[in-house]
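Each chain is listed here by its residues.
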Amino acid sequence: MRPFLLLFLLFPVLELFVFVKVSGAIGFFPALLLVILGSMLGVFVLRIAGLATALRARESLNRGELPAQTMLEGLMLALGGGLLILPGFISDVVGLVMLLPFTRRMLANKMRQRAEEQAMRQRAFADDLQPRGGPAPRQPVGREPNVIEGEFEHRDSK
């Protein structure tokens with residue numbers, strides 16, 4: 001948690017430092033215009049990316065495929081657009097890198113691999129927790145256990 005807090009506090013200072021350096025090199029108003037244009041580009045990307053990702057996911061589902069890669073790439077587009085909306089040059093550069101198709105696919109593949117590895121570790125850990133006498137019956141996720149209905153009659157033992 002501390003690295004995120006440090007990044008949260010340090011990032012605006014770095015953005016401001018880079019903005020001062022860039023505005024010193026090209027002038028204040030051109031630098032401000034670049035930041036504003038970057039934010040406008042981010043809003044445009046977010047509007048287009050959401051619709052395009054939804055359409056690609058629907059096409060994948062219609063073909064009978066899971067749209068995992070499409071959804072991850074859509075997430076990368078959304079993150080890239082969100083970073084473009086943030087004022088500053090560092091976030092704009094990182095956002096633009098996330099918008100490039102080859103880096104977006106590479107990052108999405110890395111995320112998918114990490115998620116698959118995490119799922120494998122969780123499955124292996126769950127298998128280790130089962131009793132040694134034999135495999136425990138697995139309940140499907142989100143379903144109630146089997147219930148056997150019946151009737152009973154209460155009798156006093158007097």
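For clarity, every value in this text was computed on a predicted model and none was experimentally measured.

Asks: Outline the side chain of R104, listing residues and values.
Replies: Along the chain, R104 falls in helix α5 (residues 101-128). In terms of polar contacts, R104 uses its side chain to reach the backbone carbonyl oxygen of L99, at 2.9 Å. Contact partners of R104, with chain neighbours within four places excluded, come to E73, M76, L77, M98 and L99.

Asks: Tell me about helix α2 (residues 28-62), and please be specific about residues and values.
Replies: Over its 35 residues, α2 runs 51 Å from end to end, which matches the ideal 51 Å to within 8%, given 1.5 Å per residue. Within α2, the full set of buried residues consists of A31, V35, G38, S39, G42, V45, A49, T53, A57 and S60. The secondary structure elements touched by the buried residues of α2 are α1 (2-26), α3 (68-85) and α4 (89-99). A positive phi of about 85° marks G64, the residue just after α2.

Asks: Residue-level account of the packing of α2 against α3, with values.
Replies: Where α2 contacts α3, the two axes come as close as 7 Å, and the packing angle between them is 170°. Considering their axes alone, α2 and α3 lie roughly antiparallel with respect to each other. Counted together, G38, S39, L41, G42, V43, V45, L46, A49, T53, R56, A57 and S60 of α2 and T70, M71, G74, L77, A78, G81, G82, L84 and I85 of α3 form the full contact between these two elements. Tallied by class, residues from the contact of α2 with α3 come to eleven nonpolar, nine polar and one charged.

Asks: So, the side chain of S23: which residues are in play, and what are the values?
Replies: Here S23 lies in helix α1. The class of S23 is buried, set by a relative accessible area of 15%. Polar contacts involving the side chain of S23 include one to the main-chain carbonyl oxygen of V20, which spans 3.0 Å. In contact with S23, other than residues within four places in its own chain, are F28 and A31.

Asks: An account of the packing of α1 against α4 is needed here, citing residue identities and associated values.
Replies: Across the interface, α1 lies against α4 with an axial gap of 7 Å and an inter-helix angle of 100°. Relative to α4, α1 is oriented roughly perpendicular. Between α1 and α4, the residues in contact are F11, L14, E15, V18, F19 and V22 and F89, I90 and S91, respectively. The class makeup of the residues in the contact of α1 with α4 is seven nonpolar, one polar and one charged.

Asks: Describe in detail the packing of aromatic side chains, supporting the description with residues and values.
Replies: Applying the stated criterion to the full structure yields three aromatic pairs. Aromatic pair F19 and F28: ring centres 5.9 Å apart, planes at 85°, arrangement edge-to-face. According to the relative accessible area criterion, F28 is partly exposed, its value standing at 44%. The interplanar angle of 15° and the centroid separation of 6.1 Å between the aromatic rings of F19 and F89 together place this pair among those described as stacked. Highlighted residues: F19 in helix α1 and F89 in helix α4, separated in sequence by 70 residues. Judged on exposure class, the residue F19 and its partner F89 are both buried. Here a set of aromatic residues connected by ring pairs shows up, and it is made of F19, F28, F29 and F89.

Definitions and cut-offs
Residues numbered from 1 in each chain as written. Predicted model: local features only at pLDDT ≥ 70, side-chain atom pairs only at ≥ 80, totals over all residues. Heavy atoms only, no water. Helix = DSSP H or I, 4+ residues; strand = E, 2+ residues; numbered from the N terminus. Polar contact = N/O pair within 3.5 Å; in protein donor to acceptor, adjacent residues only side chain to side chain. Contact = heavy atoms within 4.5 Å. Expected span 1.5 Å × (residues − 1). Buried < 20%, exposed > 50% of the residue type's maximum accessible area, 1.4 Å probe, protein only. Axes fitted to C-alpha atoms, helices over the stretch in contact; angles between N-to-C directions. Parallel < 35°, antiparallel > 145°, perpendicular 65-115°, else oblique. Nonpolar A, V, L, I, M, F, W, Y, C, P; charged D, E, K, R; others polar. Phe/Tyr/Trp six-rings, centres within 6.5 Å; stacked < 30°, edge-to-face > 60°.

This is a description of form; function is not addressed.
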